[in-house]
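One-letter residues, chain by chain:
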Amino acid sequence: MVKKKQIRNGNNKNGVKVTVYKVDSVSSKEEKRAKRDKTIQAVLIVLIVVLAIAAVFSAIQTFVPDLFGRFSLAGELAAKVNGKAITMQQLNDEYDRLPLQYKYFITKEALLQQIIDETLMINEASRQGLKVDDSEIDASLAAFMQQNNVTQDKLDEILKAKKLTYDQLRELVKNQLLVDKLLKAAVTGKVNVTTELELQYYNDNPDTFKIPELVTVKHILIGVQDKTETEAEKLAHEVLNQIAADKSNFCALVEKYSDDAGSLEKCGEYTFPRGQMVVEFEDVAFTQGLGKISIVKTDFGYHVLWTINKTAEQIMKFSDVQEQINLVLAQQQEKMIYSELIVQLRNQSRIINYYEAKMKAEADKKAAEEARAAEAVSEEQPASQTEEGQLTINIEEPQTTEETTTTTTTEEPAAPAVGAQINAADQEVVDEQSELEEEVEPVIEEIVTVPAETIVNVNVPTDFYDCLKSKGAVLYGAYWDSSTKTQKSYFGADMAKINYIECGVQGDYRAQASICKEAGILAYPTWIINNEKVMGIQTTQQLSQITGCTA
């Protein structure tokens, strides 16, 4: 209902009447209520839709956990550690930074596990309140550059080659220092090696402390590369006569006549156990008396060989090796404590390894495809019919006894074997499998490691060894080390062409030659190529890949 009311405007000088229409309050309230109800209905509809979507998404997550978790704004994820993402880009970048030789035995799966463990330890270090300040990072970088003789320009080159920024390098150093602090507190600090344990290890491992029979010789090699056999033998006897007259001039004669570049700077001297030199050379070195000099013929030429010292096989005293035993046992305890720490951290954490699951799924799929392909191939092989109308299955070297041969006689032509014909889809699988095997086979052949005892020395071009020398390739090893012996066996008679440095010290396998200490050799064998260390046994093919020299 609308009511009409006339009022006079007090401010109106002309006294004009103003008419005001007032709406009934009851009608106004009903209109507002209707509007409000309509708004509430709209909100409820939207809320119901949202809840329905959430319910569907929740169901998807229940039946397919982490379906969407493998992807983030940073890209595809390799793993998550307590919610922290490790991206595939990060994994690929770190794998690409590995030296080539490390990639032969470190897979991406293994590297990812290391990254996960490192992340766990960094988190634990932070939880324990361990910190690293900028001064510690600066000191660590400065020490690295000084120890490796790296200038700032050289460091910049390394970072560019490894696709790292300086800030990323500092972050890596910070993380490493954090891990070091955690390990010092949680691992190293818990090691306890007693004298009783040391004695037990010494008595239980006598062969470990056995020093083999050794002989020390000096020699002058008269090679046959640029001489005839007769000329080389004649010169060897002439040199022998000069030594017989005056042994003090032996080193001068080595410099003047010897063709063994590897021993020129050592006055032709070698110390070695049995089994490391060519047979003719070794037999004379061990059998002839001390101080005796004789001429020995080998494939390398004629050697003027002087035996100057012999050491019988012996067991080192406990007091001489106690320090080394302590180090070995401490390392064993550290590994055990470290493993327990990692297991504990993993059990306390939520780790999702997307990459591992992805690789497993791909491997399962490949295995299933290979199984189907193999089944298709076996079904494709037709049965053969004998001249007498007998249906038989072809096998290699068939058994001829009645017990093992089964035949079926029929007057009608034999029907095709069941499954002898395969459909087009199965044939496509077979074709793809064959192509895959052809592609993979040369790769497998390339990375197969041949046991040392089966290696036959191949005639490697001489320029390969010249190329190695031009690259500054030097092999460091020890006479008592089995891995060094294996490395040498890869080259056979051509070992003389390798620049080899002996790090072992006669009578004390703990000691190391000063030249090896200065080079920073920590394990045997170790190569230094283009001023970079390459640890472990290397085949000629691996050396070729590292140096670019053609083997």
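None of the values given here were measured: they were computed from a predicted structure. Each chain carries its own residue numbering, running from 1 in the written order of its sequence. This being a predicted model, a pLDDT of at least 70 is required before a residue's local features are given, and a value of 80 or more before pairs of side-chain atoms are given or counted; all residues contribute to the totals for chains, interfaces and linings. Note that water and hydrogens are dropped before the side-chain values are worked out from all heavy atoms of the structure.

Q: Could you clarify how one ought to interpret the overall build of the chain in this entry?
A: Helical segments are the DSSP runs of H or I of at least four residues, strand segments are the runs of E of at least two, and each set is numbered from the N terminus. Check the secondary structure of the chain and you find 17 helices and 19 strands. For the chain, the proportion of its 551 residues judged to be buried stands at 30%. A fraction of 66% describes how many contacts in the chain between residues 6 or more apart in sequence connect residues 24 or more apart. Accessible surface for the chain amounts to roughly 36100 Å². Of this, 53% is attributable to carbon and sulfur atoms. When accessible area is computed with a 1.4 Å probe and restricted to protein chains, residues below 20% of their type maximum are described as buried, those above 50% as exposed, and intermediate ones as partly exposed. Any pair of residues with heavy atoms lying within 4.5 Å of one another is described as a contacting pair. The Shrake-Rupley method, run with a 1.4 Å probe, gives the accessible areas here. Residue values count only the displayed protein chains as cover.

Q: How should I be thinking about the layout of surface pockets in this particular structure?
A: The method is simple in principle: a probe with the dimensions of a water molecule rolls over the atoms, and the space it marks as empty is what remains. Volume-wise, the second largest pocket comes out at about 990 Å³. In this analysis, the protein atoms alone were mapped onto a 1 Å grid. Cavities are point sets where a 1.4 Å probe fits without being able to get out; pockets are open sets with protein on both sides within 12 Å along at least five of seven lines; lining residues have an atom within 4 Å of a point. If you trace the second largest pocket, you find 37 residues lining it, with Phe300, Ala493, Asp494, Met495 and Ala496 closest to the centre. Within the residue set of the lining of the second largest pocket, elements represented by two or more residues are strand 7 (214-223), helix 10 (279-287), helix 14 (462-470) and helix 15 (482-489). For the lining of the second largest pocket, the leading source of residues is helix 14, giving four residues. Under the scheme applied, nonpolar residues are Ala, Val, Leu, Ile, Met, Phe, Trp, Tyr, Cys and Pro; charged residues are Asp, Glu, Lys and Arg; polar residues are all the others, including Gly. For the lining of the second largest pocket, the residue count by class is 15 nonpolar, eleven polar and eleven charged. Grid points are joined across faces, edges and corners, and a volume is the space filled by probe spheres set on the points.

Q: So what exactly am I meant to see when it comes to the sheet that holds strand 10 (residues 301-311) here?
A: Backbone-to-backbone hydrogen bonds pair the strands of a sheet. The strands run either parallel or antiparallel. Any two strands between which DSSP finds at least two bridges are classified as paired. The sheet built from four strands is open, its strands ordered 8-7-10-9 with antiparallel pairing. For this open sheet the edge positions go to strand 8 (269-273) and strand 9 (293-298), each flanked by a neighbour on one side alone. Averaged over all neighbouring strand pairs, the angle between strand axes comes to 40°, with direction disregarded. Seen against the sheet, helix 8 (residues 229-245) touches strand 7, strand 9 and strand 10 and runs at an angle of roughly 40° to strand 10. Here an angle of 0 to 180 degrees is reported between the N-to-C directions of two axes, which are lines fitted to C-alpha atoms, with helices fitted over the stretch in contact. Where helix 9 (residues 250-257) meets the sheet, it contacts strand 7 and strand 10, and its direction lies at approximately 40° from that of strand 7.

Q: Where do I start with helix 6 (residues 166-186) in this structure?
A: For an α-helix, the turn length of 3.6 residues means that residues three or four places apart are oriented alike. The first and last C-alpha atoms of helix 6 sit 30 Å apart over 21 residues, in line with the 30 Å expected at 1.5 Å per residue. Every buried residue of helix 6 is listed here: Leu169, Arg170, Val173, Asn175, Leu177, Leu178, Val179, Leu182 and Ala186. Contacts made by the buried residues of helix 6 are with helix 3 (108-127), helix 4 (134-147), helix 5 (152-161) and helix 11 (318-347). Take the number of residues in a helix, subtract one, and multiply by 1.5 Å to get its expected span.

Q: How do you make sense of the packing of aromatic side chains when you look at a structure like this?
A: Centre distance and the angle of the planes are the two values used to describe a pair of aromatic rings. Stacked, tilted and edge-to-face are the three classes assigned to paired rings of Phe, Tyr and Trp, where Trp is represented by its six-membered ring and a pair needs centres within 6.5 Å; plane angles under 30 degrees give stacked, over 60 edge-to-face, the rest tilted. One pass over the structure, following the stated rule, counts nine aromatic pairs. With centroids separated by 5.3 Å and ring planes inclined at 75°, the aromatic side chains of phenylalanine 464 and tyrosine 465 adopt a geometry described as edge-to-face. In this structure, arginine 274 is placed above the aromatic ring of phenylalanine 286, and the distance from its NZ or CZ to the ring centre is 4.1 Å. For a ring to carry a charge above it, either NZ of a lysine or CZ of an arginine must fall within 6 Å of the ring centroid while also lying within 35 degrees of the normal to the ring plane.

Q: I keep staring at the environment of cysteine 251 and nothing clicks. Help me out?
A: Tracing the backbone shows cysteine 251 in helix 9. A C-alpha to C-alpha distance of 9.5 Å links cysteine 251 and histidine 219, two positions 32 residues apart in sequence.

Q: Quick question: what am I supposed to make of unusual backbone geometry here?
A: A negative phi holds for most residues other than glycine; trans holds for most peptide bonds. In this structure, asparagine 149 is a non-glycine residue whose phi angle is positive, near 55°. Within the secondary structure, asparagine 149 sits in the loop between helix 4 and helix 5. At asparagine 530, a position not held by glycine, the phi torsion is positive, near 55°. Among the secondary structure elements, asparagine 530 is positioned in the loop between strand 18 (526-529) and strand 19 (532-535).

Q: When you look at the side chain of glutamine 512 in this model, what are you seeing that I'm missing?
A: Along the polypeptide, glutamine 512 turns up in the loop between strand 17 (500-502) and helix 16 (514-519). A relative accessible area of 17% means that glutamine 512 is categorised as buried. In this structure, glutamine 512 is in contact with Cys503, Val505, Lys517, Ile521 and Tyr524, ignoring residues within four places of it in sequence.

Q: Help me out: how do you make sense of the pattern of salt bridges in this one?
A: Opposite charge on two side chains lets them pair, provided their charged atoms get close. Between Lys or Arg on one side and Asp or Glu on the other, a salt bridge is scored when a side-chain nitrogen of the former is within 4 Å of a carboxyl oxygen of the latter. Going through the model one piece at a time under the given rule, you end up with 13 salt bridges. With its nearest N and O atoms 2.8 Å apart, the salt bridge here joins arginine 346 to aspartate 117. With arginine 346 in helix 11 and aspartate 117 in helix 3, this pair connects stretches of sequence that are 229 residues apart. Measuring nitrogen to oxygen at the nearest pair gives 2.9 Å for the salt bridge that ties lysine 181 to glutamate 136. Within this pair, whereas lysine 181 is found in helix 6, its partner glutamate 136 is found in helix 4, the two being separated by 45 residues in sequence. The partly exposed category is assigned to lysine 181, whose relative accessible area is 27%. The exposure class assigned to glutamate 136 is partly exposed, which follows from its relative accessible area of 28%. Salt bridges sharing common partners tie together Asp134, Asp138 and Arg170.

Q: Any chance you could explain the pairing of strand 16 (residues 474-477) here in plain terms?
A: Residues of strand 16 alternate between two faces, with Val474 and Tyr476 on one and Leu475 and Gly477 on the opposite face, all of them buried. Pairing between strand 16 and strand 18: three bridges, direction antiparallel. Bridge pairing in strand 18 links leucine 475 to tryptophan 527. Pairing between strand 16 and strand 17: three bridges, direction parallel. Across the sheet, residue tyrosine 476 finds its bridge partner in strand 17, namely isoleucine 501. A crossover connection joins strand 16 to the parallel strand 17 through helix 15; in handedness this β-α-β unit is right-handed. Place the viewer so that the strands point away; then a crossover is right-handed whenever the path from the first strand over the helix to the second strand goes clockwise.

Q: I keep staring at the confidence of the model for the chain and nothing clicks. Help me out?
A: Detailed reading of the predicted coordinates is not advisable wherever pLDDT is low. Per residue, pLDDT captures the predictor's confidence, and it can take any value from 0 to 100. When pLDDT is averaged along the chain, the result is 77, and 71% of the positions lie at 70 or above. Ignoring residues within four places in sequence, the model shows residues 383-426, a span with pLDDT below 50, making 35 contacts including any to other chains. Low confidence marks residues 439-460, where pLDDT is under 50. Its contacts with residues over four positions away, or in another chain, come to 17 contacts.

Q: Teacher, can you tell me more about a nonpolar patch on the surface here?
A: Think of a patch as exposed residues, more than 30% relative accessible area, with no salt bridge, where like charges cluster within 9 Å and nonpolar side chains (Val, Leu, Ile, Met, Phe, Trp, Tyr) cluster within 5 Å. On the surface, a nonpolar cluster with roughly 310 Å² of combined accessible area is contributed by Leu100, Tyr104 and Phe105. Secondary-structure assignment places tyrosine 104 in the loop between helix 2 (88-96) and helix 3.

Q: What is the right way to read the packing of helix 4 against helix 6 from this model?
A: Helix-helix packing: each pair is described by the crossing angle between the helix axes and the interaxial distance. Here helix 4 crosses helix 6 at 100°, and the two axes come no closer than 10 Å. Relative to helix 6, helix 4 is oriented roughly perpendicular. For the pair formed by helix 4 and helix 6, the contact residues are Asp134, Glu136, Ile137, Asp138, Ser140 and Leu141 on the first element and Tyr166, Leu169, Arg170, Val173, Lys174, Leu177 and Lys181 on the second. Counted by class, the contact of helix 4 with helix 6 contains six nonpolar, one polar and six charged residues. Orientation is classified from the angle alone, with under 35 degrees giving roughly parallel, over 145 giving roughly antiparallel, 65 to 115 giving roughly perpendicular, and any other angle giving oblique.

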